[in-house]
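Chains, contacts and geometry: an overview
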Amino acid sequence: MPETSLDRGLADADAPRGTNQSGMRDHNERLVLSLVRRHVALAKSDIARMTGLSAQTVSVIMRGLEEEGLLERGEPVRGRVGQPSIPMSLAAEGAFFFGLKLGRRSADLVLTDFRGRMRAARRKVYRYPTPDAVVGFVREAVPALAGELPAALRGRIMGMGVAMPFQLWNWVSVLGVPQAEMDAWRSRDLGAELGAITGLPVYVQNDATSACGAELIFGTGERPKDFLYFYFGTFIGGGLVMNGQLYLGRTGNAAAVGSIQVPAPGGGTRRLIDLASMSVLAEAMEAAGEPSDHLWSQHDRWEVSDRVLEPWLDQAAGALAHATLAAAALLEIEAVLIDGWMPVAVRGEMVRRTRAALLGLDLAGIEPPVIREGTVGADARALGAAAIPLSQRYLIDQNVGQREG
């Protein structure tokens, strides 16, 4: 479906409206798919009521989407006056998307279906990322992942999203890697190179912003309209959702929470990234004689002693609380969501301590946001990357694309 100017921003994500005029079917198709995604399953009458579209217009749109294999029928709902209603939901095999997470310690390539479920994945762990290593990994992994689909479905792979830190060459001192090798990123157009390899449209976005996008599109439970999002990776990053939209900012680097200045334990201030990143935990582990390499290769089980983990949790939670207060003073956010490449139990403890630390601060004049766990989990960056082409092609209520290569 070609993109039109109408696909770039619906005024009210909670109350989208359609048009019955001719020539606008693409907008209305996206509107229907966005509503079905948000509500999981909807009958034609529900969509007509929500959008203001005529019953006939909705019927034509949904029939077309069903014929394209993007929607599928559920069991009829009986017991009401008139004909039984038939809920329609997204067809899982209607479309597929690649999501590449390019991290400072590892790269993950996933293949997701139309419902956002991960169908296959490959991972590469490295000391530091270089363009050649990443391109080589994708060149090998893409055919392998596509090969896990039946041949008839491979033509339904519709695009690739890339979630990566911007300006990787500026992280040399923190990663302790050769400047010359990281400088190679300055002159490489990764989106264009991957597009040439895959023959697909490729979209590139900041990695933490992509994780936030995954929460917005694939997250479960109640979704606040305005929230700040923290993701724990090698370095902590974040994203911002305002009025149900992922806010990218002028350069696509909005909500760069790692640069927020917060009180340091010994006095003065430091950046959030220096106090609340997984790299800080890894350094503490190495200093205590505990190997930390497993942190980057697995997320479900950390082998770290309480004498190292406890101080890091307290320090990170305190820093997050101050960063949250600063954000809440500027923006009326409903919630703060915390997620990351970490065990679920550690994430839960981080949320608990951050909540307690925030309530211990001077909140005069501030309505404190609710501190909650994210719902997507460790793979949020890769899933968020896959959500970019999905959103660009099929949705209207999330603006998650940054630039196309």
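What you are looking at is a predicted structure, and each value in this text was computed from that prediction instead of being measured.

Time to look at the packing of helix H11 (residues 306-330) against helix H12 (residues 344-359). Taken N-terminus to C-terminus, the directions of H11 and H12 make an angle of 50 degrees; their axes are 8 Å apart at the nearest point. Comparing their axes, H12 and H11 come out oblique. Like other packed secondary-structure pairs, H11 and H12 cross with a definite hand, here right-handed. Touching Glu-310, Trp-312, Leu-313, Asp-314, Ala-316, Ala-317, Gly-318, Leu-320, Ala-321, Thr-324 and Leu-325 of H11 are Val-346, Glu-349, Met-350, Arg-353, Thr-354, Ala-357 and Leu-358, all from H12.

As a further point, take the packing of helix H8 (residues 207-218) against helix H13 (residues 380-394). Put simply, H8 and H13 touch, their axes get as near as 7 Å, and they point 70 degrees apart. The orientation of H8 relative to H13 falls into the category roughly perpendicular. For the pair formed by H8 and H13, the contact residues are Asp-207, Ser-210, Ala-211, Ala-214, Ile-217 and Phe-218 on the first element and Ala-380, Arg-381, Leu-383, Gly-384, Ala-385, Ala-387, Ile-388, Leu-390 and Ser-391 on the second. Looking at side-chain class alone, the contact of H8 with H13 contains ten nonpolar, three polar and two charged residues.

With respect to the helices and strands, the residue Val-125 is situated in strand S6 (residues 118-125). The sequence separation of Val-125 and Arg-104 amounts to 21 residues, and the corresponding C-alpha distance is 9.3 Å. For Val-125, the residues in contact, after removing those within four places along its chain, are Arg-105, Ser-106, Trp-296 and Ser-297.

Bringing the sheet that holds strand S14 (residues 335-340) into the picture now. Strands sit in the order S11-S10-S9-S14-S15 across an open sheet of five strands; the sheet is mixed. Pairing within the sheet leaves two strands with one partner each, and these edge strands are strand S11 (245-246) and strand S15 (370-373). One ladder, built from four bridges, connects S14 with S15; its direction is parallel. In the sheet register, Ile-338 faces S15, and the bridge partner there is Glu-373. Of the strands in this sheet, strand S9 (227-232), strand S10 (236-242), S11 and S14 are in contact with H8, which crosses S10 at around 45 degrees.

What follows deals with the packing of aromatic side chains. Scanning the model with the defined rule gives four aromatic pairs in all. The interplanar angle of 65 degrees and the centroid separation of 5.1 Å between the aromatic rings of Phe-114 and Tyr-394 together place this pair among those described as edge-to-face. Highlighted residues: Phe-114 in the loop between strand S5 (106-112) and S6 and Tyr-394 in helix H13, separated in sequence by 280 residues. Here Phe-114 matches Tyr-394 in class, with each residue buried. Three or more aromatic residues joined by ring pairs make a cluster, and in this case those are Phe-97, Phe-114 and Tyr-394.

What follows deals with the sheet that holds strand S2 (residues 71-73). Spatial strand order, S1-S3-S2: three strands in an open sheet with antiparallel pairing. Each having just a single partner strand, strand S1 (41-42) and S2 make up the two edges of the open sheet. Note: S1 against strand S3 (residues 88-90), two bridges, orientation antiparallel. If you follow Ala-41 over to S3, its bridge partner there is Ser-89.

Here we take up the pairing of strand S8 (residues 202-206). For S8, the tally of buried residues reaches five of five residues, placing the bulk of the element in the interior. With five bridges joining them, strand S7 (residues 157-164) and S8 adopt parallel strand pairing. Along S8, the bridge assignment pairs Ala-163 with Gln-205.

The next subject is H8. Residues separated by three or four positions in an α-helix point in the same direction, a consequence of the helix having 3.6 residues per turn. With twelve residues, H8 should cover 16 Å at 1.5 Å per step; its first-to-last C-alpha distance of 16 Å lies within 8% of that length. When you tally the buried positions in H8, you get twelve out of twelve residues, the bulk of the element. Residues Asp-207, Ala-208, Thr-209, Ser-210, Ala-211, Cys-212, Gly-213, Ala-214, Glu-215, Leu-216, Ile-217 and Phe-218 constitute the buried set of H8. Taking the backbone nitrogen of Ala-208 as reference, a side-chain oxygen 3.1 Å away marks Asn-206 as the first, capping residue of H8.

This part is about the confidence of the model for the chain. Across the chain, pLDDT averages 88, with 89% of residues at or above 70. Note on residues 1-16: pLDDT under 50 across the span, and 42 contacts to partners over four residues away in sequence or across chains. Within the model, pLDDT remains below 50 along residues 20-25, and this stretch shows nine contacts once partners closer than five positions in the same chain are excluded.

Reading the values: rules and limits
- Residues numbered from 1 in each chain as written.
- Predicted model: local features only at pLDDT ≥ 70, side-chain atom pairs only at ≥ 80, totals over all residues.
- Heavy atoms only, no water.
- Axes fitted to C-alpha atoms, helices over the stretch in contact; angles between N-to-C directions.
- Helix = DSSP H or I, 4+ residues; strand = E, 2+ residues; numbered from the N terminus.
- Parallel < 35°, antiparallel > 145°, perpendicular 65-115°, else oblique.
- Left-handed = near helix turned anticlockwise from the far one by under 90°.
- Contact = heavy atoms within 4.5 Å.
- Nonpolar A, V, L, I, M, F, W, Y, C, P; charged D, E, K, R; others polar.
- Pairing = 2+ DSSP bridges.
- Phe/Tyr/Trp six-rings, centres within 6.5 Å; stacked < 30°, edge-to-face > 60°.
- Buried < 20%, exposed > 50% of the residue type's maximum accessible area, 1.4 Å probe, protein only.
- Expected span 1.5 Å × (residues − 1).
- Polar contact = N/O pair within 3.5 Å; in protein donor to acceptor, adjacent residues only side chain to side chain.
- pLDDT = per-residue confidence, 0-100.

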